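This is what each chain is made of:
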Amino acid sequence: MSLKELLGVEPVINGAGTLTRLGGMPLDEEVLDAMAAAGRENARIEDVQAAAGKYLADVCGAEAGYVTAGAAAGLTVGAAACMAGLSPAAMDQLPDTTGLKDEIIVQRAHVTAYSHALRVSGAKLIDVGYVGYPGQGITWGWQVEAAITERTAAIFYSVGSAKGIVELPELVEIGRRHNVPLIVDAAAALPPKSNLKYFIEQGADLVTFSGGKAIGGPQASGILVGRKDLIESVALQHQDMDVYPETWTWRSDYIDTNKLPGPPHHGLGRPMKVGKEEIAGLVVALRRFLDADDEKELQRQRDVLLTIADHLTDCPARVEMEEPALPGPGYPVLKIYLETSGDTRKAAADLVNGLMDNGRPVAVSQGPMWDGAVAVLPTALKTSDAAVAGRRIAEELDRLR
Ligand SMILES: *Cc1c(COP(=O)(O)O)cnc(C)c1O
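Residues numbered from 1 in each chain as written. Predicted model: local features only at pLDDT ≥ 70, side-chain atom pairs only at ≥ 80, totals over all residues. Heavy atoms only, no water.

Participant: How do you make sense of the sheet that holds strand β9 (residues 317-322) when you look at a structure like this?
Facilitator: Adjacent strands of a sheet pair through backbone hydrogen bonds, lying either parallel or antiparallel. As summarised here, the arrangement of the 3 strands in space is β9-β10-β12, forming an open sheet in which the pairing is antiparallel. The open sheet has two free edges, formed respectively by β9 and β12 (373-376), since each of these has just one partner strand. Each strand of the sheet is rotated relative to its neighbour by a mean of 20 degrees, with strand direction disregarded. In this structure, strand β10 (residues 333-338) lies alongside β12, joined through 4 bridges in antiparallel fashion. Residue pairing in the sheet places I336 in a bridge with V374 of β12. (Pairing = 2+ DSSP bridges. Helix = DSSP H or I, 4+ residues; strand = E, 2+ residues; numbered from the N terminus. Axes fitted to C-alpha atoms, helices over the stretch in contact; angles between N-to-C directions.)

Participant: I tried to follow the packing of aromatic side chains on my own but got confused; where do I start?
Facilitator: Each aromatic ring pair is described using two quantities: the centre-to-centre distance and the angle formed by the ring planes. Counting across every chain of the model gives 5 aromatic pairs. On the numbers, 6.1 Å between centres and 50 degrees between planes, the contact of W250 with Y254 is tilted. Residue classification places Y254 among the buried positions, given a relative accessible area of 5%. Put simply, the rings of Y198, F199 and F209 pair up and form one aromatic cluster. It is R318 that lies over the ring of Y337; its NZ or CZ is 4.4 Å from the centre. Over the ring of W370 we find R345, and its NZ or CZ is 3.8 Å from the ring centre. (Phe/Tyr/Trp six-rings, centres within 6.5 Å; stacked < 30°, edge-to-face > 60°. Buried < 20%, exposed > 50% of the residue type's maximum accessible area, 1.4 Å probe, protein only. Lys NZ or Arg CZ within 6 Å of the ring centre and 35° of its normal.)

Participant: Looking at this structure, how should I read the site of the ligand?
Facilitator: Lining the immediate environment of the ligand, one finds T20, G70, A71, A72, Y114, D185, A187, A188, S210 and K213. Contact distances for the ligand include 2.9 Å between an oxygen atom and a backbone N or O atom of A72. Between an oxygen atom of the ligand and a side-chain N or O atom of S210, the distance comes to 2.6 Å. Considering the ligand on its own, with 380 Å² of exposed area, one finds that the protein chains cover 85% of that surface. For the shell around the ligand, a count of residues per class yields 5 nonpolar, 3 polar and 2 charged. (Near = heavy atom within 4 Å. Polar contact = N/O pair within 3.5 Å; in protein donor to acceptor, adjacent residues only side chain to side chain. Areas by Shrake-Rupley, 256 points an atom, 1.4 Å probe, with all protein chains shown as cover. Nonpolar A, V, L, I, M, F, W, Y, C, P; charged D, E, K, R; others polar.)

Participant: So what exactly am I meant to see when it comes to the side chain of T68 here?
Facilitator: Of note, T68 is situated in strand β2 (residues 64-68). There is a polar contact of 2.7 Å between the side chain of T68 and the backbone oxygen of G70. When near neighbours in sequence (up to four residues on either side) are disregarded, T68 contacts A73, G74, V77, A220, S221, G222, I223, L224 and V274. (Contact = heavy atoms within 4.5 Å.)

Participant: How do you make sense of the domain arrangement of the protein when you look at a structure like this?
Facilitator: Interfaces are frequently sized by the accessible area removed from exposure as the parts join. For the protein, the assigned domains read domain 1 (3-19 + 293-399) and domain 2 (42-291). Placing a centre on the C-alpha atoms of domain 1 and another on those of domain 2 gives a separation of 34 Å. The partner domain 2 presents 7 residues to the 5 residues of domain 1 that form the contact. Summed over both partners, the interface of domain 1 with domain 2 buries about 520 Å², with 54% contributed by carbon and sulfur atoms. One salt bridge connects D294 with K193, and the closest N-O pair in it is separated by 3.2 Å. The interface formed by domain 1 and domain 2 holds 1 residue pair in polar contact (both at pLDDT 80 or more) in total. Taken together, the residues of the side of domain 1 that touches domain 2 break down into 1 nonpolar, 2 polar and 2 charged. (Domains from an automatic or database assignment. Buried area = accessible area lost by both parts, 1.4 Å probe. Salt bridge = Lys/Arg side-chain N within 4 Å of Asp/Glu carboxyl O.)

Participant: Looking at this structure, how should I read the packing of helix α14 (residues 344-357) against helix α15 (residues 386-399)?
Facilitator: Think of two packed helices as two axes; the pair is described by the angle between the axes and how far apart they sit. Where α14 meets α15, the closest approach of the two axes is 9 Å, and the angle between their N-to-C directions is 125 degrees. Judged by the angle between their axes, α14 and α15 are oblique. Of the two elements, α14 crosses α15, and the hand of that crossing is right-handed. Contacts between α14 and α15 pair L351, G354 and L355 from the former with R392, I393, E396 and L397 from the latter. Across the contact of α14 with α15, the residue classes tally to 4 nonpolar, 1 polar and 2 charged. (Parallel < 35°, antiparallel > 145°, perpendicular 65-115°, else oblique. Left-handed = near helix turned anticlockwise from the far one by under 90°.)

Okay, here's the thing in structure tokens:
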């Protein structure tokens, strides 16, 4: 059964990467089988989470791990953990942060559309520094340090290509000196595989990755790894907590030991619940991601892009293949610079829209639109779709002549 048959929705050939608005990665059969198998049975979800969390912790070299409903959900529940710790009263109170440490320090270049996910927890972002290079502006360690107060709950770092930032080692050092946890958004920082361990090795306290991007797991899955006490707080605020103290699964850990006065109720993470299907799918996808032959996949990606480039030789565009550049995209990219008359930025927008609206829908990246270009990203693009994508792009470029 296809989406077309089920809902009448046209499938899209995806040359725009693992974007959430296009549904991320097409899932492998093995991942789909795992999800189907999990869907046929019942189990205590906390047991499924615990087993998966142990695997994620092993893979990332962290004390503990948890499956979230995506990297953004990981930021929300991670922030909640930094504010509430192991206090059921604080968990019950969130997102009202009255009386709690509720400030998360963010350098200005890391105030992204995704840092909103931190604020969903009730936390306030305290942004410091400037955006850019010395001369026009930069963020310094002393600016981060000066913002730390008794209300500071965490420091935030977003992995990306921003320049002039306080880098991770210095941020870790500042956080440790003041006993403030560091949350790292590494949602899209894969490949390389080594990044699964890298941020924890550097000293981050919580790190979040998307399950539905390069890992190839279900769209609504993510990885959160880090300090055991913080992941415990995440679990307590994320599990279904319609429980009695006497029969609660975790009574021997938390009630019998007087670690908690009683189980918390449904927490801030409850609306971001994760099903056993997502957990199973993510685990299998991560195994496949780790076992994959990177060189072979890279070659497949290059071949896909070259097939497309072959169709564009007579078009009003200059085509350039960019090799993977770390830090930055861990895959090759085909840049298509428009050589049409008039405003090339507008032509790039017309190309993006034309590819989606006329004939077989093809998505390309609008990322370089300001340079009068579009990009084809190979990560979610099937080899079997490359020729059609090339023909469609040539067709739409011809219309813009
Ligand atoms: C994609 C992305 C997210 C959100 O990840 P989801 O798994 O879709 O929730 C957060 N931060 C950054 C930098 C991202 O690229």
